[in-house]
Amino acid sequence: MLELAVRDLADADLADCSFAGSPLHLEQVAKELERARRGEVDYLAVCAKADLPIAIGGVDYVPHPGAGSLWQLAVHPALQSCGIGTLLVAAAEQRIRDRGLDRAELSVEVTNPRARALYERLGYVAYDEQLESWDQQGPDGSITRYETLCTQMRKQL
Ligand SMILES: CC(C)(COP(=O)(O)OP(=O)(O)OC[C@H]1O[C@@H](n2cnc3c(N)ncnc32)[C@H](O)[C@@H]1OP(=O)(O)O)[C@@H](O)C(=O)NCCC(=O)NCCS
């Protein structure tokens, strides 16, 4: 059994977070850590005993006033399907409650049914679909705009 702890993600962790995405993605996460210092988001790390992150994910309090929006959830590929994502979601929901809020929101790509099934098991209910887009970096370093249809889900905490 892995002994896991959840804490705030720190700048120094980013060098160990390549499992979560491209260098461009990690640059964007670094900017989110600046927002975390201003209190606009919580950014969490699930760490194994050596205090190295094996999963990360954020809660943004800006997009849906009165709710926390879970986003950028990523579990190390070698450790997926072991319950770590469930632990991360529970910790994120606790951060939302700690701010006196009672609703969690998230958005999942329609092409990611496994993640959606997990969120449904955890009590999230789909209520809308929206086209979303963001910059994506390929293995050769090139950056392209990625557009995708996402299901909006929410949960009363
Ligand atoms: C989506 C994601 C965050 C979920 O995290 P995870 O750690 O894999 O999720 P969990 O292990 O808690 O639950 C998922 C699965 O494990 C199973 N599971 C949960 N606890 C378990 C345990 N203790 N032992 C064995 N299996 C378990 C669940 O039944 C579920 O089954 P599935 O693999 O058939 O879907 C992760 O898979 C991930 O990073 N994926 C790539 C990026 C991504 O899609 N992010 C989400 C964007 S919205």
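Residues numbered from 1 in each chain as written. Predicted model: local features only at pLDDT ≥ 70, side-chain atom pairs only at ≥ 80, totals over all residues. Heavy atoms only, no water.

**Q** How should the pattern of salt bridges be read in this particular structure?
**A** When the charged atoms of two side chains with opposite charge come close together, those side chains can pair. Counted by the stated rule, this structure contains 15 salt bridges. Where D11 meets R37, a salt bridge forms, and the shortest distance between an N and an O atom there is 3.0 Å. Taken together, the positions of D11 in the loop between β1 (5–8) and α1 (23–37) and R37 in helix α1 put the pair 26 residues apart, joining distant regions of the chain. With a shortest N-O distance of 3.0 Å, R145 and D135 are connected by a salt bridge. Placement of the pair is R145 in strand β7 (residues 143–156) and D135 in strand β6 (residues 125–137), with a sequence separation of 10 residues. Of the residues examined, R145 reaches a relative accessible area of 54% and is grouped as exposed. A single salt-bridge network, built from bridges that share partners, covers E32, R35, R38, E40 and D60. (Salt bridge = Lys/Arg side-chain N within 4 Å of Asp/Glu carboxyl O. Helix = DSSP H or I, 4+ residues; strand = E, 2+ residues; numbered from the N terminus. Buried < 20%, exposed > 50% of the residue type's maximum accessible area, 1.4 Å probe, protein only.)

**Q** What should I look at first to understand the packing of aromatic side chains in this one?
**A** Centre distance and the angle of the planes are the two values used to describe a pair of aromatic rings. In total, this model carries three aromatic pairs according to the counting rule given. The ring of Y61 carries the charged tip of R99 above its face, separated from the ring centre by 3.8 Å. Over the ring of Y127 we find R154; its NZ or CZ atom is 3.6 Å from the centre of that ring. (Phe/Tyr/Trp six-rings, centres within 6.5 Å; stacked < 30°, edge-to-face > 60°. Lys NZ or Arg CZ within 6 Å of the ring centre and 35° of its normal.)

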